[in-house]
Amino acid sequence: SEEGFESLRSMMVSPVGKFITWGLLSALAYHFVAGIKHLLMDTGMGETLEGGIFAARATIFFSAVLIALAAIWVI
């Protein structure tokens, strides 16, 4: 209904709603990037200690970029 939509809309534009949305998008972004890393590791890439360290750092970097973009998008 129109009243229900307006109620949900007012919750989503509040600071708490935006923070929850950003938090969910952040978790999704990290999970997505880490999943890609694990898929690449299943093919044999990054199985050495140096490759694992590089993959972990790349995961953190790309996740941080996506999390920052999600913050910009939510605001």
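Residues numbered from 1 in each chain as written. Predicted model: local features only at pLDDT ≥ 70, side-chain atom pairs only at ≥ 80, totals over all residues. Heavy atoms only, no water.

(A) Broad picture of the side chain of S63. Mapped onto the elements, S63 comes out in helix α3 (residues 49-74). Not counting the four nearest positions on each side in its chain, S63 is found in contact with A29, Y30 and V33. (Helix = DSSP H or I, 4+ residues; strand = E, 2+ residues; numbered from the N terminus. Contact = heavy atoms within 4.5 Å.)

(B) Representation of α3 within the structure. The end-to-end C-alpha distance of α3 is 37 Å, a good match for the 38 Å that 26 residues give at a rise of 1.5 Å each. Taken together, the buried positions of α3 are occupied by G51, A55, A58, T59, S63, A70 and V74. Looking at the buried side of α3, the elements it contacts are α2 (15-42). (Expected span 1.5 Å × (residues − 1). Buried < 20%, exposed > 50% of the residue type's maximum accessible area, 1.4 Å probe, protein only.)

(C) A nonpolar patch on the surface, seen in detail. Together, F32, I36, L40, M45, F61, F62, V65, L66, L69 and I72 line one region of the surface with nonpolar side chains, adding up to about 980 Å² of accessible area. Elements with a contribution of two residues or more to the nonpolar patch: α2 and α3. It is α3 that provides the largest number of residues to the nonpolar patch, a total of six residues. Of note, M45 is situated in the loop between α2 and α3. With relative accessibility at 49%, the residue M45 sits in the partly exposed group. (Patch = residues over 30% accessible without salt bridge, like charges linked within 9 Å, V, L, I, M, F, W, Y side chains within 5 Å. Areas by Shrake-Rupley, 256 points an atom, 1.4 Å probe, with all protein chains shown as cover. Salt bridge = Lys/Arg side-chain N within 4 Å of Asp/Glu carboxyl O.)

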